[in-house]
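Observations on chain architecture
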Amino acid sequence: MYEYKVETYKVKGSEEEMNKLASQGWRVISVAPNIGAGYGIVVTYERQKKA
């Protein structure tokens, strides 16, 4: 089973946050523009759920 997390970022700070979550076992499965805010990105993460 998997668990998911959705985060929104300004593009400038996104790399550091994405690397931090990657070190915790999260992997990026989707990146999309944040149309609602007019700037930034929406990133969806996935990882194997711990038993």
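What comes next concerns the included structure. On a predicted model such as this, the values are computed, not experimentally measured, just so you know.

**Focus: the nonpolar core**
With six residues, the main nonpolar core is built from Tyr 9, Leu 21, Trp 26, Ile 41, Val 43 and Tyr 45. Residues in contact with Val 43, not counting those within four places in the same chain, are Lys 5, Val 6, Glu 7, Tyr 9, Met 18, Val 28, Ser 30 and Val 31.

**Structural notes on the sheet that holds strand S2 (residues 27–33)**
If you trace the three strands from one edge of the open sheet to the other, you get S1-S3-S2, paired in antiparallel fashion. In this open sheet, the two edge strands, each paired with only one partner strand, are strand S1 (2–9) and S2. Going from strand to strand, the sheet's axes swing by 20 degrees on average, the running direction of each strand aside. Pairing of S1 with strand S3 (residues 41–48) involves eight bridges; the strand directions are antiparallel. Within S3, the position partnered with Tyr 4 by the bridge is Glu 46. Strands S1, S2 and S3 of the sheet are contacted by helix H1 (residues 11–23), whose axis makes an angle of about 155 degrees with S1.

**A short note on the pattern of salt bridges**
As a working rule, side chains carrying opposite charge can pair if their charged atoms are close by. Applying the stated rule across the entire model yields three salt bridges. A salt bridge links Glu 3 to Arg 47; the nearest nitrogen and oxygen atoms lie 2.8 Å apart. Within this pair, whereas Glu 3 is found in strand S1, its partner Arg 47 is found in strand S3, the two being separated by 44 residues in sequence. Assessed through its relative accessible area of 24%, Glu 3 is described here as partly exposed.

Procedures and definitions
- Residues numbered from 1 in each chain as written.
- Predicted model: local features only at pLDDT ≥ 70, side-chain atom pairs only at ≥ 80, totals over all residues.
- Heavy atoms only, no water.
- Core = buried A, V, L, I, M, F, W, Y, C linked by side-chain atoms within 4.5 Å.
- Buried < 20%, exposed > 50% of the residue type's maximum accessible area, 1.4 Å probe, protein only.
- Contact = heavy atoms within 4.5 Å.
- Pairing = 2+ DSSP bridges.
- Helix = DSSP H or I, 4+ residues; strand = E, 2+ residues; numbered from the N terminus.
- Axes fitted to C-alpha atoms, helices over the stretch in contact; angles between N-to-C directions.
- Salt bridge = Lys/Arg side-chain N within 4 Å of Asp/Glu carboxyl O.

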